[in-house]
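Analysis of the macromolecular model
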Amino acid sequence: MTSSSTPGLARFNTLAGSEATAALHEVCAGAAWGSIILSRRPYTTVEALLSASDAAMAELSAEDLAEAMAGHPPIGRPKPGDPTSSREQRGMAGASEELRAEMLELNLAYQERFGHVFLICATGATGEQMRDAVKTRIENSPEQEREIVRTELGKINRIRLTRLVEEDKD
């Protein structure tokens, strides 16, 4: 993780409001989170941007968090044409049919219990690790799970923001 400025960060800092809003929406579907990030521009370092993202996540209400989660497809079922979710959920790509069926069942049970998709920072996780996480987390109280989701979403946002400001778009 770089702590210095990058050309991508400089580009992000100077994007027009509508372009920056669109770029941030690709990172996180939560409008409140995006507004907070925009309001604190410019960022001097990537780490400052990531810290602002963490702070913004901590500030989200339950409704804002629900809006942010709504942009994430269920594990094992990325939306067609969504390369970001497909990349992040790569651990499910080679999963057996049995594991895929089990994840579908677990996703549905989780959604029934909590009213939203199971959210985990799937980058680098295997299908089995994701399955084990949902099995464990389905036992949580809604309050516990909301805070775990907030943490997981924060991790996802950090990865996506880093990619946004470190990609070379010359």
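Structure report, in brief. If you're wondering where the values come from, they're calculated on a predicted model, not measured in any experiment. (Residues numbered from 1 in each chain as written. Predicted model: local features only at pLDDT ≥ 70, side-chain atom pairs only at ≥ 80, totals over all residues. Heavy atoms only, no water.)

The next point concerns the environment of threonine 123. Here threonine 123 shows up in the loop between α7 (97-114) and α8 (127-137). In this structure, the C-alpha to C-alpha distance between threonine 123 and isoleucine 36, residues 87 residues apart in sequence, is 25 Å. Once residues lying within four places of it in the same chain are set aside, the contact partners of threonine 123 are Glu88 and Ile159. (Helix = DSSP H or I, 4+ residues; strand = E, 2+ residues; numbered from the N terminus. Contact = heavy atoms within 4.5 Å.)

The next point concerns the side chain of histidine 72. Topologically, histidine 72 is positioned in the loop between α5 (62-69) and α6 (83-88). Taking the relative accessible area as the measure of exposure, histidine 72 reaches 8% and is therefore buried. Setting aside residues up to four positions removed in sequence, histidine 72 forms contacts with Val117, Leu119, Leu153, Ile156 and Arg160. (Buried < 20%, exposed > 50% of the residue type's maximum accessible area, 1.4 Å probe, protein only.)

Further remarks concern α8. Among all positions of α8, only Gly127, Met130, Arg131, Ala133, Val134 and Arg137 are buried. The arc that holds every buried residue of α8, seen down its axis, measures 160 degrees, which confines them to one face. Residues of α8 that are buried make contact with α7 and α9 (142-166). (Arc of directions from axis to C-beta.)

Further remarks concern the packing of aromatic side chains. The full count for this structure, using the stated rule, is 3 aromatic pairs. Here phenylalanine 12 and tyrosine 43 contribute two aromatic rings whose centre-to-centre distance is 6.5 Å and whose plane-to-plane angle is 25 degrees, an arrangement assigned as stacked. One end of the pair, phenylalanine 12, is in helix α1 (residues 7-14); the other, tyrosine 43, is in the loop between α3 (31-39) and α4 (46-59), and 31 residues separate them in sequence. The class of tyrosine 43 is buried, set by a relative accessible area of 6%. Aromatic side chains tyrosine 110 and phenylalanine 118 sit 5.2 Å apart centroid to centroid with 80 degrees between the ring planes, which places their arrangement in the edge-to-face category. Residue tyrosine 110 shares its accessibility class with phenylalanine 118, and that shared class is buried. (Phe/Tyr/Trp six-rings, centres within 6.5 Å; stacked < 30°, edge-to-face > 60°.)

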